[in-house]
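# Structural description and commentary
Residues per chain, in single letters:
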Protein chains: 2
Amino acid sequence: MPASSDISHPDVPNPDVIVVGGGIVGLSIAWQLQQNSISAVVLDKALGSGASHAAAGMLAPVNEAYWGESEVLRLHLAASAAWPEFAAALGADTVDYHRNGMLLAAFDADDKTQLAHLHELHQQEGLTVETLRSQQCREMEPLLSPSVQGGIFSPLDHHVNPRLVVQELLKAVTVRATHVEQVTGNCVTTSDGQTLSCGQVVVAAGAWSGRLLDLPVRPVKGQILRLRGEPGLLRQPIRGLIRGASIYAIPRSDGEIVVGATQEEMGFDTRITAGGVYELLRDLLTLLPGLSEADLTETWAGLRPGSPDNAPIIGWGPSGICFASGHFRNGVLTAPITASFVTALLQKQEPCIDIGPFSPSRFVSATSSSWRDLQAVG
Amino acid sequence: MPASSDISHPDVPNPDVIVVGGGIVGLSIAWQLQQNSISAVVLDKALGSGASHAAAGMLAPVNEAYWGESEVLRLHLAASAAWPEFAAALGADTVDYHRNGMLLAAFDADDKTQLAHLHELHQQEGLTVETLRSQQCREMEPLLSPSVQGGIFSPLDHHVNPRLVVQELLKAVTVRATHVEQVTGNCVTTSDGQTLSCGQVVVAAGAWSGRLLDLPVRPVKGQILRLRGEPGLLRQPIRGLIRGASIYAIPRSDGEIVVGATQEEMGFDTRITAGGVYELLRDLLTLLPGLSEADLTETWAGLRPGSPDNAPIIGWGPSGICFASGHFRNGVLTAPITASFVTALLQKQEPCIDIGPFSPSRFVSATSSSWRDLQAVG
C-alpha cells in the first residue's frame with residue numbers, strides 16, 4: 001500500500017492547509033486562504049458535483065428567514081453583504097450575479113395568510129420588504145397567474161449561478177480529484193491508500209461531513225429542474241407559496257430557469273422520482289402557467305448538508321480539525337463569509353461576526369463519547 | 001463533388017433495393033427482403049433514432065381502434081397476427097415481446113361513459129374483450145387508484161421493446177449511416193453528394209417521408225417518459241382514460257415503465273416541455289399513484305408519421321418508387337406486415353391482405369401537379 005507522511009504527490013505542493021470537500025464552500029475557503037498567502041489543496045473525488053451543482057443560487061436571507069432562527073438570519077445578512085466583493089473578484093457577469101431582488105407570491109387565500117405571517121417576521125426582524133397587491137405582482141412579473149393574491153418584494157435577496165462560481169474557483173485554486181476516507185488531526189487518508197499531512201485540515205464535505213467525522217450532519221435530498229426559454233421570458237426571481245407548498249424559479253441571463261426544490265429525508269439517495277418532478281412542475285405551472293411551453297432541459301438531485309438546528313457548523317472541533325459544514329439550504333449564500341471565518345480562525349484572528357452560535361462544540365455533549373474516540377477511529 | 005452511377009461504396013455491396021429510412025419499418029423491410037434473397041441496403045443518417053426510439057411498443061389493435069377506421073383495424077389485427085413469428089425469429093425474450101393483454105381503465109364517471117362508447121365499437125367490430133368492474137381492475141393491477149370506475153381487458157393487445165427490435169434488426173441487415181437528400185426513380189442522392197442507383201427504391205422515412213417526396217406525411221410530436229422500479233412493480237400494461245385524456249404505461253421485464261404520450265402538431269420539433277412532462281406525470285399519478293416513488297429515468301420526444309386519414313401509405317407511387325410510410329401511432333405494430341407487403345410487391349405477388357386502401361394513389365388527385373413534377377424535382 002503506497003503511503004507517505006506528507007503530501008508529496010507530484011502534482012500537489014506541500015500545503016499549509018488541506019481542505020476536504022470541493023464544493024462551493026471548500027473551494028471558497030481555499031481561494032480565500034490563497035488570497036491571504038496560505039497555501040491550500042482541495043481534495044474531492046468529484047469536485048463541484050454535489051449540492052453546489054444542484055443549487056439554484058438564491059442569495060436570499062429574507063426568503064430564507066424563519067421564526068426562531070434569528071442567529072442564522074444575522075449570519076445570512078452578513079453573508080449577503082459579503083457577496084458583492086466576492087462576485088466582483090470572480091467577475092459578476094461571469095458568474096451571473098444579480099441584485100434584482102426576489103418576489104414572494106401567495107397563490108390562494110391560505111397562502112396569503114402564510115404570507116402575512118412571514119411579513120410579521122420581516123417586520124420583527126427589521127427587514128426591508130415591500131408588500132404588493134395582486135396587480136402589482138403581475139406588473140412586476142407578467143407570467144404570474146391571475147389567481148395570485150399578493151406578494152412581498154425583498155430587494156435584499158439576490159442570486160448567482162453556482163455552477164459558474166465553482167467553475168471560476170476551480171481555475172484559481174489547487175485541487176486534487178481523490179476520495180478522502182479518513183481525517184485524523186492534521187492527516188487525511190485517501191482511497192488510494194495515501195496518508196497526507198499538512199499544517200491544518202479543514203472539513204467542508206457537505207452532506208458527507210458526517211461520514212468523515214462524527215458530526216450530526218445529514219443529507220437532505222433536493223430534486224431540482226432546469227427549464228429554458230427565451231432570455232427574459234421570466235423577468236424576476238420568484239418564490240411562490242402554492243397551496244401550502246413552496247417553490248422558486250430563478251431566471252439566468254441565458255434563458256435558463258432553475259426551479260426547485262423538493263426537501264426529502266431519504267439518506268444518500270439522489271434518484272429523480274416521478275412524484276418529485278410532478279410536484280415541482282405542478283406548483284410551477286400553477287404559479288407561472290406561461291412556462292408550460294418552456295423546454296425542460298434537466299432534472300437533478302443534490303444532498304443538502306442539514307444540521308439538527310438548521311444552522312451551519314463552523315469552527316474548531318476535536319483533534320484540532322476546523323469544520324465548515326452543515327450549511328443546509330444556504331451553502332452558496334454563506335460560502336464567501338464562511339471562507340472569511342475559516343481564514344480568520346487559521347490566522348488566529350476574530351471573525352467579522354460572532355460565530356460562537358455555529359461552533360461544533362454545541363453538539364459535543366450529545367456525541368462526546370464518539371468525539372473522544374476520534375483519534376482512535378482515525 | 002464525388003458522384004457515382006451505382007452504389008459502389010467500398011462497404012456496401014451493389015444491392016437490389018435501397019431502403020431510405022432506418023427505423024423499425026425500413027429495417028424490417030430490409031430484413032424480410034434479405035430472407036427472400038433480395039439484397040437491400042438501408043440508408044439513414046441516424047439509424048433507429050426516430051419514432052422507433054421514442055415508441056412504447058404497444059402492439060394493440062383493440063386499444064388503437066377508433067370509430068370510422070375499420071380498414072385500419074383490419075390491418076392492425078393482421079399485423080398483430082404477424083408478430084409472433086417475427087418476434088420468434090428475432091428471439092421473443094431478446095426483444096421483450098409479451099402477449100399478456102392490456103387493461104383499459106376509466107378514471108371517473110365521464111371516462112366510464114367514454115369506455116362504454118369504446119365497448120360498443122369493440123362489439124360492433126367483433127373484438128374479443130372483457131369488461132371489468134372497479135375491483136376486478138384493481139385485482140388485475142393493484143397499483144390502480146381506488147377511484148377507477150371500471151375497465152376493459154383486451155387479450156389481443158401485446159407489447160414489445162422497439163429499441164431491442166431495432167438493435168436486433170441492425171445486427172442482421174446491411175446499413176449505411178448517411179443522409180438521403182433526394183430520391184428519383186431508382187436513384188438516391190446523399191448529403192455527401194453521391195448518387196446511388198439500384199433496382200428499386202423503397203421510402204420508409206417516417207415523418208421525414210414528406211420532405212423527400214411530395215407525400216402528405218406530417219410529423220406528430222409525442223413526448224414520452226421512461227420510469228424505473230423493481231421488476232414487476234407494474235404488473236400489467238395499462239391504458240387509462242383520465243378526465244378526458246388518455247395515457248398508457250407499459251412495463252418491461254427489467255423494471256422499466258414506458259409512459260406516453262403527448263400528441264402535438266408542432267412540426268419538426270422534438271423539445272421536451274415543462275407542460276408536456278407535467279401532463280403525462282399528472283395523468284399517470286392520478287391513475288397509478290403508487291408510481292410516485294419510481295425513478296424518472298428518461299424524457300424523450302419523437303415524431304410520428306401522420307397521414308391525412310390516419311392510415312399508412314404503402315404501395316407503388318409515381319416514378320416507380322415503393323412507399324412504406326405514414327404509420328402514425330402504429331409503426332411498431334405494422335412493421336412486420338408492412339415488410340411482407342413490400343416484399344410481395346417487389347416479387348410481383350399479391351400481399352396477404354388487400355392493401356388497396358393504403359395505396360399512395362389515394363392522395364394523387366390532391367397533389368397531382370407535384371407528383372407530375374417529381375422527376376424534375378429529383
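The structure we're discussing is the one just above.
Read on for a plain summary of the structure. (Residues numbered from 1 in each chain as written. Chains lettered and ligands numbered in written order. Predicted model: local features only at pLDDT ≥ 70, side-chain atom pairs only at ≥ 80, totals over all residues. Heavy atoms only, no water.)

## Looking at the pattern of salt bridges
All names here are of chain A. Applying the stated criterion across every chain yields a total of 34 salt bridges over all chains. Measuring nitrogen to oxygen at the nearest pair gives 3.7 Å for the salt bridge that ties Arg226 to Glu256. Separated by 30 residues along the polypeptide, Arg226 in strand E13 (residues 218–228) and Glu256 in strand E16 (residues 256–260) bring together distant segments of the chain. Residue classification places Arg226 among the buried residues on the basis of a relative accessible area of 1%. Glu256 is the salt-bridge partner of Arg228, the closest N and O atoms lying 3.7 Å from each other. Of this pair, Arg228 sits in strand E13 while Glu256 sits in strand E16, and the two are 28 residues apart along the sequence. Judged by relative accessible area, which is 12%, Glu256 ranks as buried. (Salt bridge = Lys/Arg side-chain N within 4 Å of Asp/Glu carboxyl O. Helix = DSSP H or I, 4+ residues; strand = E, 2+ residues; numbered from the N terminus. Buried < 20%, exposed > 50% of the residue type's maximum accessible area, 1.4 Å probe, protein only.)

## Quick notes on the sheet that holds strand E14 (residues 238–242) of chain A
Residue and element names in this part refer to chain A. Reading across the sheet, the eight strands line up as E5-E6-E4-E14-E15-E16-E13-E17 and stay open at both edges, with mixed pairing between neighbours. The open sheet has two edge strands with one neighbour each: strand E5 (130–133) and strand E17 (295–306). Between one strand axis and the next, the sheet turns through 20 degrees on average, direction left out of account. In this structure, E14 lies alongside strand E15 (residues 245–251), joined through five bridges in antiparallel fashion. The residue bridging Leu241 from the neighbouring strand is Ser246, located in E15. (Pairing = 2+ DSSP bridges. Axes fitted to C-alpha atoms, helices over the stretch in contact; angles between N-to-C directions.)

## Examining the pairing of E16(A)
Residues and elements named next belong to chain A. Summarising burial for E16: five of the five residues are buried, a large majority. Burial along E16 is two-sided: the residues Glu256, Val258 and Gly260 and Ile257 and Val259 are all buried. Two strands pair when backbone bridges link them, and E15 and E16 are joined in this way by four bridges, in the antiparallel orientation. Paired with Ile250 across the two strands is Val258, which belongs to E16. The hairpin formed by E15 and E16 contains four residues between the paired strands, and Gly255 there has a positive phi angle of roughly 100 degrees.

## Overview of the relation of the copies chain A and chain B
Mapping chain A onto chain B calls for a rotation angle of 180 degrees and an axial translation of 0.0 Å; the resulting RMSD is 0.0 Å. The symmetry that links the two subunits is that of a two-fold axis. Proximity to the rotation axis, assessed at the C-alpha, singles out Tyr278(A) in chain A; its C-alpha lies 3.0 Å from the axis. Interface residue correspondence from chain A to chain B reaches 100%, placing this contact among same-surface, isologous pairings. (Least-squares fit on C-alpha atoms with pLDDT ≥ 70 in both. Contact = heavy atoms within 4.5 Å.)

## Structural notes on the interface of chain A and chain B
At the junction of the two partners, chain A supplies 18 residues and chain B supplies 18 residues. Summed over both sides, the interface of chain A with chain B buries roughly 1600 Å², with 59% coming from carbon and sulfur. Area buried by chain A at its contact with chain B is led by Ala274(A), Tyr278(A) and Leu296(A), which between them contribute 32% of it. The interface formed by chain A and chain B holds four salt bridges in total. At the junction of chain A with chain B, the criterion picks out ten residue pairs in polar contact (both at pLDDT 80 or more). Elements with a minimum of two residues in the side of chain A that touches chain B: helix H8 (274–287) and E17 of chain A. Considering every element that reaches the side of chain A that touches chain B, the biggest residue donor is H8(A), with seven residues. Of the residues assigned to the side of chain A that touches chain B, the class counts are eleven nonpolar, three polar and four charged. (Buried area = accessible area lost by both parts, 1.4 Å probe. Polar contact = N/O pair within 3.5 Å; in protein donor to acceptor, adjacent residues only side chain to side chain. Nonpolar A, V, L, I, M, F, W, Y, C, P; charged D, E, K, R; others polar.)

## Considering helix H4 (residues 109–124) of chain B
Because each turn of an α-helix spans 3.6 residues, side chains separated by three or four positions end up pointing in the same direction. Residues and elements named next belong to chain B. The end-to-end C-alpha distance of H4, which contains 16 residues, comes to 23 Å, matching closely the 22 Å that a straight helix rising 1.5 Å per residue would cover. Of the residues making up H4, those classed as buried are Asp111, Leu115, Leu118, His119, Leu121 and His122. On an axial view of H4, the arc spanned by its buried residues comes to 155 degrees, and they lie on one face. For H4, exposure combined with an orientation more than 90 degrees from the buried face picks out Ala109, Asp110, Thr113, Gln123 and Gln124. Looking at the buried positions of H4, the neighbouring elements they touch are strand E4 (102–106), strand E5 (130–133), strand E6 (150–154) and strand E14 (238–242). Its side-chain oxygen placed 3.1 Å from the backbone nitrogen of Asp110, Asp108 serves as the N-cap of H4. After H4 finishes, the residue Gly126 shows a positive phi value of roughly 70 degrees. (Expected span 1.5 Å × (residues − 1). Arc of directions from axis to C-beta.)

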